[in-house]
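These are the residues of each chain, in order.
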Amino acid sequence: MANIGFDLDGVLMRNPFGGHVFPTFHRLMRAAPALQNLDADAATAAVTRAVREHWNELMRRGELKAAYDWDATFAAVAHKFGGGVAVPAVATLVREGCALPDVIAALPHARETVAALAAAGHRLVVVTNGYAAYQEPVLDALGLLPCFALVVTPDRVGVAKPQREAFAAAGPLDWFVGDTLLHDVFGARSAGVKAVWLDAALPDALAALPVAARAGRPELAARVAESLAASQYAVFHPEADVASCTPEAVIKDLAELAGVVGT
């Protein structure tokens, strides 16, 4: 039996940030003193820039754990625009989002894949950059939480992907499945763990091949190079290159994972 780690967002689930957390924050921020004379679109754009600038600064300083503390980020952005805005705890907004229709979702074949692997006796863990209070309610609402022996988050372990300590906190891992080259593939391989890259946009030339035949293909190297060049995270990890971001296996759909890790 294998020890298999999973990323969450973009791999197993759609979280409520896009559908509820951020829209609620933007709506509340319209009451901020420095935004009251702007129309809704302009206010949203200004807040989005401020959030991005705050996140970028934390990432530039290497404060990866802090970069994913959305409560602190929302408080800092509210202060920037004059304060006076009562923003609920992000965990509260997450729970609200979990109860709304069509805000969260298990991604294609997530439930079947995770359930089958757990039933086969594999040890499954999560390593995510989302804080526990933001992620576990979603896993629970989707019925996925009982399948995992452990959920590793930055607030619990003090580090975030791609830091190798985040993977080490999960205990022994044979495979790690993720959709982000720098966080998941580069991070896992740096920690000595074999990486499975879930690339939903895998080119047809690669997708047409059997899963076992995709690794080592020049088309895969080209796809990694393309994705790495487009990554918003690349500037923060100049040590990463195509070789260190090339996975041991690549899949287009979670239904293909059993062909990599076995059942």
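In what follows, the structure referred to is the one given above.
Residues numbered from 1 in each chain as written. Predicted model: local features only at pLDDT ≥ 70, side-chain atom pairs only at ≥ 80, totals over all residues. Heavy atoms only, no water.

Chemist: Would you mind showing me how to read the environment of A169 here?
Modeler: Within the secondary structure layout, A169 lies in the loop between helix 9 (164–168) and strand 6 (175–178). Note on A169: relative accessible area 33%, which makes it partly exposed. Excluding residues that lie within four positions of it along the chain, A169 makes contacts with L150, V152 and V157. (Helix = DSSP H or I, 4+ residues; strand = E, 2+ residues; numbered from the N terminus. Buried < 20%, exposed > 50% of the residue type's maximum accessible area, 1.4 Å probe, protein only. Contact = heavy atoms within 4.5 Å.)

Chemist: Mind showing me how you'd approach the nonpolar core here?
Modeler: One broad rule of soluble globular proteins: the nonpolar side chains tend to lie buried together. F6, M29 and L257 are the most contacted members of the largest nonpolar core, which has 88 residues in total. Broken down by element, the residue count for this core peaks at eight residues, all from helix 2 (residues 40–60). When sequence neighbours within four positions are dropped, the list of residues in contact with F6 reads V11, L12, L117, L124, V125, V126, V127, F148, F176, V177 and L257. (Core = buried A, V, L, I, M, F, W, Y, C linked by side-chain atoms within 4.5 Å.)

Chemist: Would you explain the side chain of T180 in this entry?
Modeler: Of note, T180 is situated in the loop between strand 6 and helix 10 (181–190). Among the polar contacts made by the side chain of T180, one reaches the side chain of D179 at a distance of 3.4 Å. Not counting residues up to four positions away in its chain, the partners in contact with T180 are V185 and Y233. (Polar contact = N/O pair within 3.5 Å; in protein donor to acceptor, adjacent residues only side chain to side chain.)

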